[in-house]
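Single-letter residue listing:
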Amino acid sequence: MKIMIWLLVAPGLVWAVLRLGGWDRGILVQLLSFTTYVAAWSWLPLILALARRQWLAAAFALVAAGALTVAVLPRALPGKNPATGVRVQVMTSNMLLGGADPKAIVQLVRDHDIDLLAVQEFTPEAEAGLKTAGLDQLLPYSSLAAESGASGSGLYSRFPITDPGVSRNGGGFNQAYGTVTPPGAQPLLVESAHPAAPYSVAALKDWHADLLAEPHADPHGTARVLLGDFNSTLDHAELRNLIAHGYRDAAATVGQGLVPTWGIYHGPRRLPPITIDHVLVDERIGVREVQVHRIPQSDHRSVLAWLTVPAVAATPEAK
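Worth saying up front: this structure is predicted, and the values here are computed from it rather than measured.

Novice: Would you explain the sheet that holds strand S6 (residues 174-180) in this entry?
Specialist: Working definition: the strands of a sheet are paired by backbone hydrogen bonds and lie parallel or antiparallel to each other. Reading across the sheet, the six strands line up as S5-S6-S7-S8-S10-S9 and stay open at both edges, with mixed pairing between neighbours. Of all the strands in the sheet, the pair left with one neighbour each is strand S5 (161-168) and strand S9 (247-249). The average undirected angle you get between the axes of adjacent strands in this sheet is 20 degrees. Looking at chain direction, S6 and strand S7 (residues 188-193) are connected through four bridges and run antiparallel. Pairing of Val180 across the sheet is with Leu188, part of S7.

Have a look at this one:
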């Protein structure tokens, strides 16, 4: 029994070292995506060690469980964020090679009064489907780069878009962007993010490079919203590093950071769902609420965020 307890303690301890050390290398990149599940499981060896009076093993198990919990739990606890400003609703949705149900996406936009929609894996067929479903009537302005396959990107807006454009990252995915100015608010630079996926060891170079190349928030410039499929969880050092450059994760800010957004939900090869779709907002932007919604024919959930963006400074009245 003593040996078995140590065999149960060791994986959690090693996992904690890898996670806290930010060692996202090789196959560990994919494994670290499931850190939230390991954090929950890591308390089991501690309970077992205490029950069997294995005090040394219990001490190590407590270190592992405590470290993983400290890394994971904060995203389930609401934090402080700006509460005043202009209200803006945003949404991101990966359309799975353009096959996601466009009517479901448009219905979410309509029901929740969405102002800005970012889409990934955006194909010409998806663009046509969204138009047929009436998206252009709700969000008439856009910056689009539809392409066959997984590389397409789009940004739809209720407000006029200035300086629209598209960048292509090293992994081959487009990222549509543009600047919008909601009534009463300061300008907002919005981009549909889609770094390469770490689906194999060979793809990790592009994954690392794409995350490093994502635009940082500039505290002295236009406020940014970077939303989309980041192919990364908050347990990946690369994403945490990006957030550290002037962003906050909207879901984690309001205690919804553990809600999963992607998984193989059907068929024989199911995986535990993980959180890889994010809305990253400039630290000057407040977050009031975040919701995650299922989209038929997509392996991603849509993420909706209710934001508070900086208002235009009031001008002194003339005397």
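Novice: Explain the pairing of S5 to me, please; I cannot follow it from the model alone.
Specialist: Side-chain direction in a regular strand flips from residue to residue, so the side chains alternate between the two faces of the sheet. Of the strand pairs in this sheet, S5 and S6 are connected by six bridges, and their pairing is antiparallel. Paired with Gly165 across the strands is Tyr177, a residue of S6. Here S5 folds back onto S6 in antiparallel fashion, the turn holding five residues, of which Gly172 has a positive phi close to 100 degrees.

Novice: Which parts of the structure should I look at to understand the nonpolar core?
Specialist: Soluble globular proteins tend to pack their nonpolar side chains together in the buried interior. In this structure, Leu188, Val225, Val279 and Leu307 are the most contacted members of the largest nonpolar core, which totals 28 residues. Top element by residues in this core is strand S12 (residues 301-309). It accounts for four residues. Each residue touching Leu188, except ones within four places of it in the same chain, is listed here: Leu116, Gly178, Thr179, Val180, Thr222, Ala223, Val225, Ile285 and Val309. By size, the runner-up hydrophobic cluster in this structure holds 21 residues, among which are Ala104, Ile105, Val119 and Leu139.

Novice: Explanation requested: the side chain of Asn174 in the structure shown.
Specialist: You can see Asn174 is positioned in strand S6. Overall, the relative accessible area of 3% leaves Asn174 in the buried class. Aside from chain neighbours lying at most four places away, what touches Asn174 is Ala145, Glu147, Ser151, Gly152, Ser153, Val166, Ser167, Arg168, Ser192 and His194.

Novice: Is there a simple way to think about the packing of aromatic side chains in this case?
Specialist: Describing an aromatic ring pair means giving the distance of the ring centres and the angle of the ring planes. Considering all chains together, one arrives at two aromatic pairs under this definition. Between Phe122 and Tyr156 the ring centres are 6.1 Å apart and the planes differ by 90 degrees, which places this aromatic pair in the edge-to-face class. You can see Phe122 sitting in the loop between strand S2 (116-120) and helix H7 (124-132) and its partner Tyr156 sitting in strand S4 (residues 153-157), a full 34 residues away along the chain. For the pair formed by Phe122 and Tyr156, the shared burial category is buried.

Novice: Honestly, the pairing of strand S11 (residues 286-294) in this entry has me stumped. Any pointers?
Specialist: The pairing of S11 with S12 spans eight bridges and is classified as antiparallel. Paired with Arg294 across the bridge in S12 is Arg301. Turn length for the S11-S12 hairpin, with the two strands adjacent in sequence and antiparallel, is six residues, and the turn residue Gln297 shows positive phi of about 65 degrees.

Novice: I would appreciate a short explanation of the side chain of Asn94 in the present structure.
Specialist: The topology assignment puts Asn94 in strand S1 (residues 86-94). Residue class for Asn94 comes out buried when judged on its relative accessible area of 0%. Contact partners of Asn94, with chain neighbours within four places excluded, come to Gln120, Glu121, His194, Asp229, Asp277, Ser298 and His300.

Novice: Would you explain the pattern of salt bridges in this entry?
Specialist: Pairing is possible between side chains of opposite charge, provided their charged atoms come close. Applying the stated rule across the entire model yields eight salt bridges. Note that Glu191 is salt-bridged to Arg224, the shortest N-O span being 3.8 Å. With Glu191 in strand S7 and Arg224 in strand S8 (residues 223-229), this pair connects stretches of sequence that are 33 residues apart. Between Asp282 and Arg284 there is a salt bridge; the shortest N-O distance is 2.8 Å.

Novice: Explanation requested: the sheet that holds S1 in the structure shown.
Specialist: Here we have six strands laid out as an open sheet, ordered S3-S4-S2-S1-S12-S11, and mixed in their pairing. Strand pairing shows two members of the sheet lacking a second neighbour, strand S3 (141-145) and S11, which therefore form its edges. On average, adjacent strands in this sheet sit at an angle of 10 degrees to one another, irrespective of strand direction. Sheet topology note: the S2/S4 ladder contains five bridges and is antiparallel. If you follow Ala118 over to S4, its bridge partner there is Leu155. Packing of helix H6 (residues 102-111) onto the sheet brings it into contact with S1, S2, S11 and S12, and relative to S1 it is tilted by some 170 degrees.

Novice: I keep staring at unusual backbone geometry and nothing clicks. Help me out?
Specialist: What you tend to see is this: most non-glycine residues have negative phi, and most peptide bonds are trans. The residue Arg53 is not glycine, and still its phi comes out positive at about 60 degrees. Within the element layout of this structure, Arg53 appears in the loop between helix H4 (43-51) and helix H5 (55-72). For Gln297, which is not a glycine, the phi torsion comes out positive at approximately 65 degrees. Checked against the element boundaries, Gln297 lands in the loop between S11 and S12.

Novice: Help me out: how do you make sense of helix H1 (residues 2-21) in this one?
Specialist: Since the α-helix turns once every 3.6 residues, residues separated by three or four places project in the same direction. A rise of 1.5 Å per residue sets the reference length of H1, with its 20 residues, at 28 Å; its end C-alpha atoms lie 28 Å apart and thus fit the reference within 8%. Of the residues making up H1, those classed as buried are Ile5, Val9, Gly12, Trp15, Ala16, Leu18 and Arg19. Against helix H2 (28-31), helix H3 (35-41), H4, H5 and helix H10 (237-244) lie the buried residues of H1. Where H1 ends, the next residue or the one after it, Gly22, has phi of about 65 degrees, a positive value.

Rules used in this analysis
- Residues numbered from 1 in each chain as written.
- Predicted model: local features only at pLDDT ≥ 70, side-chain atom pairs only at ≥ 80, totals over all residues.
- Heavy atoms only, no water.
- Pairing = 2+ DSSP bridges.
- Helix = DSSP H or I, 4+ residues; strand = E, 2+ residues; numbered from the N terminus.
- Axes fitted to C-alpha atoms, helices over the stretch in contact; angles between N-to-C directions.
- Core = buried A, V, L, I, M, F, W, Y, C linked by side-chain atoms within 4.5 Å.
- Buried < 20%, exposed > 50% of the residue type's maximum accessible area, 1.4 Å probe, protein only.
- Contact = heavy atoms within 4.5 Å.
- Phe/Tyr/Trp six-rings, centres within 6.5 Å; stacked < 30°, edge-to-face > 60°.
- Salt bridge = Lys/Arg side-chain N within 4 Å of Asp/Glu carboxyl O.
- Expected span 1.5 Å × (residues − 1).

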